[in-house]
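Chain by chain, the residues run as shown.
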Amino acid sequence: GGGKEVKDCVAAWFLIKIAAWGVLSCYAGTRLLDDLSSKAIRKMISDETGRQVGEQVAADRQTQQILQEALQLRRQHLARMALVAQGAADADAEQLLVRAILKYRGVLQKEPLHRDAQNGLANALADLGTYYKGRQDPALQGKAAAQFAEAIQIQAGIIRQDPGFAMAYYNRACYRAVAATGADERRQAVADLEQAIRRDDQWRAYARTDPDLVALHDLPYWKSEVAEKQPAA
């Protein structure tokens, strides 16, 4: 009797490892469970799977809560910046972004490819770069450039994962346009904007009123393909 129970427990342990992902998919794991003869093994796998699902649901909820908190911090930052004169210092506004960035990084440490966290981090970094650049303090310009560079790198990673993701091109166009210090950066921003519009035409209309893209308004592409071109009927 005892020997059979030990064998059942050992078998269950290995089957849990093999079948857990399939059980979650409601296909392969379910078929495997149907083939098991021991009710004890089935129960152990069912209990283990339920625990895993519960833990995953809890983890997902926690992640979403962290992302919402980070987004709220960014919104608070933007609200504060709307109330201060351009170039004015606001340590609280800066710290809001720093806290948001830490939250996004925390999520990405656990889930490196979490799309919302990647995009949120890139936007927060670009916001911080915009803040530093707007201070008109030469000592902060290097910090501004570093924030924009990382934000651009993150969007480049998203594009490598999903070359058809128009928002990543659009966001990168905005970062490059705000950070631009010369013609090359503006041309890169236009190239990204063109890629975004090519993949999803809604970005054309959105770009027209986006203050991040003001630096592109005098370029030929902007005039012919954004400002003057009408959406397809």
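Everything that follows concerns the structure shown earlier in this document.
Let me sum up the structure you'll find in this document. What you see is a predicted model, and the numbers here were worked out from it, not measured in a lab. (Residues numbered from 1 in each chain as written. Predicted model: local features only at pLDDT ≥ 70, side-chain atom pairs only at ≥ 80, totals over all residues. Heavy atoms only, no water.)

## Points about the layout of surface pockets
- The space that makes up the second largest pocket amounts to roughly 240 Å³.
- For the lining of the second largest pocket, the secondary-structure elements that each account for two or more residues are helix 3 (39-83) and helix 5 (115-134).
- For the lining of the second largest pocket, the residue count by class is five nonpolar, five polar and three charged. (1 Å grid on protein atoms, 1.4 Å probe; cavity = no way out; pocket = protein on both sides within 12 Å on 5 of 7 lines; lining within 4 Å. Points joined across faces, edges and corners; volume = space filled by probe spheres on them. Helix = DSSP H or I, 4+ residues; strand = E, 2+ residues; numbered from the N terminus. Nonpolar A, V, L, I, M, F, W, Y, C, P; charged D, E, K, R; others polar.)

## Quick word on the pattern of salt bridges
- Across all of its chains, the model carries 11 salt bridges by this definition.
- Notably, a salt bridge pairs aspartate 127 with arginine 74, separated by 2.7 Å at the nearest N-O pair. With aspartate 127 in helix 5 and arginine 74 in helix 3, the pair connects residues that are 53 residues apart, well separated along the chain. Neither residue differs from the other here; aspartate 127 and arginine 74 are each classed as buried.
- Notably, a salt bridge pairs arginine 176 with aspartate 192, separated by 2.7 Å at the nearest N-O pair. With arginine 176 in helix 7 (residues 166-179) and aspartate 192 in helix 8 (residues 183-199), the pair connects residues that are 16 residues apart, well separated along the chain. Take arginine 176 and aspartate 192: they sit in the same class, and that class is buried.
- Bridged by salt links that share partners, the residues Arg172, Arg176 and Asp192 form one connected network. (Salt bridge = Lys/Arg side-chain N within 4 Å of Asp/Glu carboxyl O. Buried < 20%, exposed > 50% of the residue type's maximum accessible area, 1.4 Å probe, protein only.)

## Some thoughts on the packing of helix 5 against helix 7
- At their nearest, the axes of helix 5 and helix 7 sit 10 Å apart, and the two run at 10 degrees to each other. Considering the angle they form, helix 5 stands roughly parallel to helix 7. When the axes of helix 5 and helix 7 are compared, the crossing they make is left-handed. Along its contact with helix 5, which presents Asn119, Ala122, Asn123, Ala126, Thr130 and Lys133, the element helix 7 presents Met167, Asn171, Tyr175, Val178 and Ala179.
- Per-class residue counts for the contact of helix 5 with helix 7 are six nonpolar, four polar and one charged. (Axes fitted to C-alpha atoms, helices over the stretch in contact; angles between N-to-C directions. Parallel < 35°, antiparallel > 145°, perpendicular 65-115°, else oblique. Left-handed = near helix turned anticlockwise from the far one by under 90°. Contact = heavy atoms within 4.5 Å.)

## Points about the environment of alanine 124
- With respect to the secondary-structure elements, alanine 124 resides in helix 5.
- Judged by relative accessible area, alanine 124 falls into the buried class, the value being 0%.
- Between the alpha carbons of alanine 124 and tyrosine 104 there is a distance of 8.9 Å; along the sequence they are 20 residues apart.
- When neighbours within four sequence positions are excluded, alanine 124 is seen to be in contact with Arg74, Leu97, Ile101 and Tyr104.

## Looking at helix 8
- Its 17 residues give helix 8 an end-to-end C-alpha distance of 25 Å, which sits within 8% of 24 Å, the value for a rise of 1.5 Å per residue.
- Listed as buried for helix 8 are Ala189, Val190, Asp192, Leu193, Ala196 and Ile197. Considered in projection along helix 8, the buried side chains sweep an arc of 165 degrees and stay on one side of the axis. When the buried face of helix 8 is taken as reference, the exposed residues oriented beyond 90 degrees from it are Asp184, Arg187 and Arg198.
- Where helix 8 is buried, its residues touch helix 7, helix 9 (202-208) and helix 10 (220-227). (Expected span 1.5 Å × (residues − 1). Arc of directions from axis to C-beta.)

## Focus: the packing of aromatic side chains
- Following the criterion strictly, the structure yields four aromatic pairs and no others.
- Between the aromatic rings of tyrosine 170 and tryptophan 203, the centroid separation amounts to 4.5 Å while the plane-to-plane angle is 25 degrees, which identifies the pairing as stacked. Separated by 33 residues along the polypeptide, tyrosine 170 in helix 7 and tryptophan 203 in helix 9 bring together distant segments of the chain.
- The exposure class assigned to tyrosine 170 is buried, which follows from its relative accessible area of 2%.
- The class for tryptophan 203 is buried, based on a relative accessible area of 11%.
- Ring geometry for tryptophan 203 and tyrosine 206: centres 5.6 Å apart, planes at 85 degrees, overall edge-to-face. Note that tryptophan 203 and tyrosine 206 are positioned in helix 9 at a spacing of three residues, about one turn of the helix.
- Look at tyrosine 206 and you get exposed, because its relative accessible area is 51%.
- Three or more aromatic residues joined by ring pairs form one cluster here, namely Tyr170, Trp203 and Tyr206. (Phe/Tyr/Trp six-rings, centres within 6.5 Å; stacked < 30°, edge-to-face > 60°.)

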